[in-house]
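Analysis of the macromolecular model
Read off the chains here:
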Amino acid sequence: MLPLVLVGLIVTAIVGFIIVVLAISWFSNPPFGLGNAPPQPIAFPHTVHAGSVDQGGVGIQCEFCHRNVTKGEAATVPAVENCLFCHKQINAENQAEDTPVNLAEIQRVVDRFNDNNPIDWERVHRLPDHVRFVHEAHIRFLTQGESRTEILPIGDEQPMQLPLTVGESCSVCHGNVAGMTEVQPQAGQSLKMGTCVDCHKTNNAPTDCTICHK
Amino acid sequence: MVTNRIDHKWGMVVDLDKCTGCQACVVACQAENNLPINTKDFFLQKRAYEWIRIERYWEGEYPNVKARFIPVLCQHCENAPCEPVCPVYATYRNDDGLNVQIYNRCVGTRYCINNCPYQVRFFNFWQPNWPERLKNQLNPDVTIRTRGITEKCTFCVQRLRRAELQVERVSGERLNDEKLKAGNYAPACTQACPTNALMFGDQNDAESKIRPYFDDVNTFDIHHEEERTTRGYRLLEEINTRPSIIYLKKVDQYPLNEDEDHV
């Protein structure tokens, strides 16, 4: 027969263990697990590439590099060849040392191309494996149709004037990527299933499970 | 909720006269749906994953033998025995006429597997594992099922979703399912079949090539089977699961005769 204090301790330990397990599994889920930018193999500043010309960028459209975003499910990261469209010219061989570009980082891209070595970018926006998000359909919803004002349950939930351009529709969920040196998820962006289903219901989108889980 | 969708009821007709038992459908399914590689151990334990399998039957005595093949996949029943037993509603019949399995909702009770009369549901007893060189051939549109959940044929629902997107992209407007005809979409097994033994289409589409077979079998049920004008029948018709798959009987020009020496 164990003393009563010991029984209490054991019960407390078991209950505490269960609470810790539940807390870890809850807080490591997407809405909480996001928030910090993972380190990337090559420092790619979206400010320089996608930022507008007034702010010192080049102003490349999102869908120029993320080519599949209007054509299919995944937005896709570009092949190294795409980088070489420009960086064949803009690199250490052709530029002076005092140009404002970071020649050392660019040289790493050129090296990757010459070595046939694809860049293993770290994924920033994660969904669980059993969810398939289709970029194409959502971009079509935001960029097409007649002029209308809608409150979407994403971002800051402000009334939004639709239709948008493709670039603007990316920012609805991903935030102002053109202003980010390191890409990180938009703060407060919920990736819970309820958010998806709410929006699908209000906008007459299909709510069958196999639309996303397949 | 207002919807611009028209209910589909996808179905398949399997012509056993054309089936040669080549197993191309099995391989196509394996590749399309990220099925784990079946080893000898899996088969010996009767735990192999085959969403579509070729059942082989021998007819006659040696040397007068004939092999008969029946491809068996999930029958996508209207009265599916697997559905009411699921305690978490992980399997249900959706508006496309498919019995779908929602993997993230499944808790692995295996009631559905035990209640399925066709034995086409499979339980993941292990975490699926592929050799390193095969990891890049996995289909990115299909979930990799983890250990402890049930999986089954989905009629390649990922291809259906892709076909819907394609229709939307070409027409440039919200999906109107009238445009989505059977020609846009076929499961991997149907596409791979070299003899066109598997035919796929929409049962609700009057022009679909599978429609006459379904009309015939639906008109004359199991009690009036001899009045059917086609060769169609359903598997285990007497238990009234009303499958979406119809089999066409093999017509044997040279039936086995025990007396003759038929070679």
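Computed from a predicted model, the values in this text were never measured in an experiment.

Moving on to the overall build of chain B. Of regular secondary structure, chain B possesses six helices and ten strands. Here the C-alpha atoms of chain B give a radius of gyration of 20 Å, agreeing with the 18 Å that 2.2 N^0.38 yields for 263 residues. Scored against the burial criterion, the 263 residues of chain B give a buried share of 33%. In chain B, the proportion of contacts linking residues at least 24 apart, taken out of those at least 6 apart, comes to 61%.

All right, on to the nonpolar core then. Formed by 51 residues in total, the largest nonpolar core has its most connected members in B:Val13, B:Val14, B:Cys29, B:Ile52 and B:Leu198. Listing elements by their share of this core, those giving two or more residues are strand S1 (10-15), helix H1 (24-32), helix H4 (157-171), helix H5 (188-192), strand S8 (198-202), helix H6 (211-219) and strand S10 (245-248) of chain B. Beyond its immediate chain neighbours, meaning those up to four positions away, B:Cys29 contacts B:Leu35, B:Trp51, B:Ile52, B:Ala188 and B:Cys189. Among the nonpolar cores identified, the runner-up in size contains eight residues, and A:Cys62, A:Val69, A:Leu142 and A:Cys170 belong to it.

Buried residues of helix H7 (residues 135-143) of chain A: A:His135, A:Ala137, A:Ile139, A:Arg140 and A:Leu142, and no others. At the C-terminal side of H7(A), A:Gly145 shows a positive phi close to 95°.

Our focus in this paragraph is the domain arrangement of chain A. The domain boundaries assigned to chain A delineate domain 1 (46-77 + 127-211) and domain 2 (78-120). A straight line from the C-alpha centre of domain 1 of chain A to that of domain 2 of chain A covers 28 Å.

With 21 residues of chain B in contact, the opposing surface of chain A contributes 17 residues. For the side of chain B that touches chain A, the element with the most residues is H4(B), which contributes six residues. The residue inventory of the side of chain B that touches chain A, partitioned by class, reads nine nonpolar, six polar and six charged.

Take unusual backbone geometry next. Along the chain, A:Leu162 connects to A:Pro163 via a cis peptide bond; the corresponding omega equals 0°. Tracing the backbone through its elements, the reader meets A:Pro163 in the loop between strand S2 (159-162) and helix H8 (166-174). Positioned with a positive phi, B:Cys156 is a non-glycine residue whose angle comes to about 50°. Along the chain, B:Cys156 turns up in the loop between strand S7 (150-152) and H4.

Time to look at the environment of B:Phe123. All names here are of chain B. Along the chain, Phe123 turns up in strand S6 (residues 121-123). Classification of Phe123 by C-beta neighbours within 10 Å gives partly exposed; the count is 19. As for Phe123 and Lys250, which are separated by 127 residues in sequence, their C-alpha atoms are 32 Å apart. Each residue touching Phe123, except ones within four places of it in the same chain, is listed here: Gly108, Arg110, Ile113 and Thr150.

Take the sheet that holds S10(B) next. Residues and elements named next belong to chain B. Read from one edge to the other, the open sheet built from four strands follows the order S8-S1-S10-S9, with strand pairing classed as mixed. One side of each edge strand has no neighbouring strand; the edge strands of this open sheet are S8 and strand S9 (232-233). As defined by bridge partners, S9 adjoins S10 across two bridges and the pair is classed as antiparallel. Bridge pairing links Gly232 to Leu248 in S10.

Thresholds, definitions, all that
- Residues numbered from 1 in each chain as written.
- Chains lettered and ligands numbered in written order.
- Predicted model: local features only at pLDDT ≥ 70, side-chain atom pairs only at ≥ 80, totals over all residues.
- Helix = DSSP H or I, 4+ residues; strand = E, 2+ residues; numbered from the N terminus.
- Rg over C-alpha atoms; globule rule 2.2 N^0.38 Å.
- Buried ≥ 20, exposed ≤ 12 C-beta atoms within 10 Å, placed from the backbone.
- Contact = placed C-beta atoms within 7 Å.
- Core = buried A, V, L, I, M, F, W, Y, C linked by C-beta atoms within 7 Å.
- Domains from an automatic or database assignment.
- Nonpolar A, V, L, I, M, F, W, Y, C, P; charged D, E, K, R; others polar.
- Pairing = 2+ DSSP bridges.

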